[in-house]
Amino acid sequence: RLHANAIYTTGSSASSSVGTAGPGARDLARWITGLALDRTFPLSSTLVGVEATLREPLAQPGQREWSVGVGTRVQVGPRWLLDVGAGRRGGASDDAWYATLGGAYAFGWRFGLVPGGR
């Protein structure tokens, strides 16, 4: 699958509750565009994806920041998922590498164990 996304923030400045220097100000952007591509491997319960984004920070008009990343999600059991990813960002403020690691456990009733279920 190929995904394309775009976001645009209207208004002349950030709200006074956040500002352009407070916590979370780095995440505020005038606009963000992104592309992502993912490929599933159903027989191995695996998904691999790559993404690229370009943004203009609200605190630094005219500057551009970019990021690229790659990651995978693997189903390691009937209810367990593992996510692993890495990427690089750069541009107006700084260049940095990043890594992600996460997991998920699905809670729920198994069929046949629900009272009155079929």
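Residues numbered from 1 in each chain as written. Predicted model: local features only at pLDDT ≥ 70, side-chain atom pairs only at ≥ 80, totals over all residues. Heavy atoms only, no water.

(A) Just the packing of aromatic side chains, in detail. A complete count under the given rule lists two aromatic pairs for this structure. When the ring of Trp 80 is compared with that of Tyr 105, the centres are 4.7 Å apart and the planes differ by 55 degrees; the resulting orientation is tilted. Separated by 25 residues along the polypeptide, Trp 80 in strand S5 (residues 80-91) and Tyr 105 in strand S6 (residues 96-105) bring together distant segments of the chain. For the pair Tyr 105 and Phe 107, a centre-to-centre distance of 4.8 Å together with 75 degrees between the ring planes defines the contact as edge-to-face. The class of Tyr 105 is partly exposed, set by a relative accessible area of 34%. Through successive ring pairs, a cluster of aromatic residues spans Trp 80, Tyr 105 and Phe 107. Above the face of the Phe 41 ring, Arg 39 is positioned so that its terminal group lies 4.9 Å from the ring centre. (Phe/Tyr/Trp six-rings, centres within 6.5 Å; stacked < 30°, edge-to-face > 60°. Helix = DSSP H or I, 4+ residues; strand = E, 2+ residues; numbered from the N terminus. Buried < 20%, exposed > 50% of the residue type's maximum accessible area, 1.4 Å probe, protein only. Lys NZ or Arg CZ within 6 Å of the ring centre and 35° of its normal.)

(B) Inspection of the sheet that holds strand S1 (residues 2-8) at higher detail. Pairing within the open sheet is antiparallel, and its six strands lie in the order S1-S2-S3-S4-S5-S6. If you trace the sheet from one side to the other, it starts and ends with S1 and S6, each paired once. Each adjacent strand pair in this sheet contributes to an overall mean axis angle of 15 degrees, direction not counted. Sheet analysis places strand S4 (residues 65-75) next to S5, joined by eleven bridges and oriented antiparallel. Across the sheet, the residue bridging to Thr 72 is Val 84, located in S5. (Pairing = 2+ DSSP bridges. Axes fitted to C-alpha atoms, helices over the stretch in contact; angles between N-to-C directions.)

(C) How the structure looks around the pattern of salt bridges. Overall, the coordinates contain four salt bridges when judged by the stated rule. Residue Arg 1 is joined to Asp 38 by a salt bridge in which the shortest nitrogen-to-oxygen separation is 3.3 Å. Taken together, the residues span a long stretch of sequence, with Arg 1 in the segment before S1 and Asp 38 in strand S2 (residues 29-41) at a distance of 37 residues. Given the relative accessible area of 62%, Arg 1 is considered exposed. Here Glu 65 makes a salt bridge to Arg 55, at a shortest N to O gap of 2.7 Å. In this pair, Glu 65 sits in strand S4 while Arg 55 sits in strand S3 (residues 46-57), placing the two residues ten residues apart along the sequence. For the residue pair Glu 65 and Arg 55, the accessibility class agrees, reading buried in each case. (Salt bridge = Lys/Arg side-chain N within 4 Å of Asp/Glu carboxyl O.)

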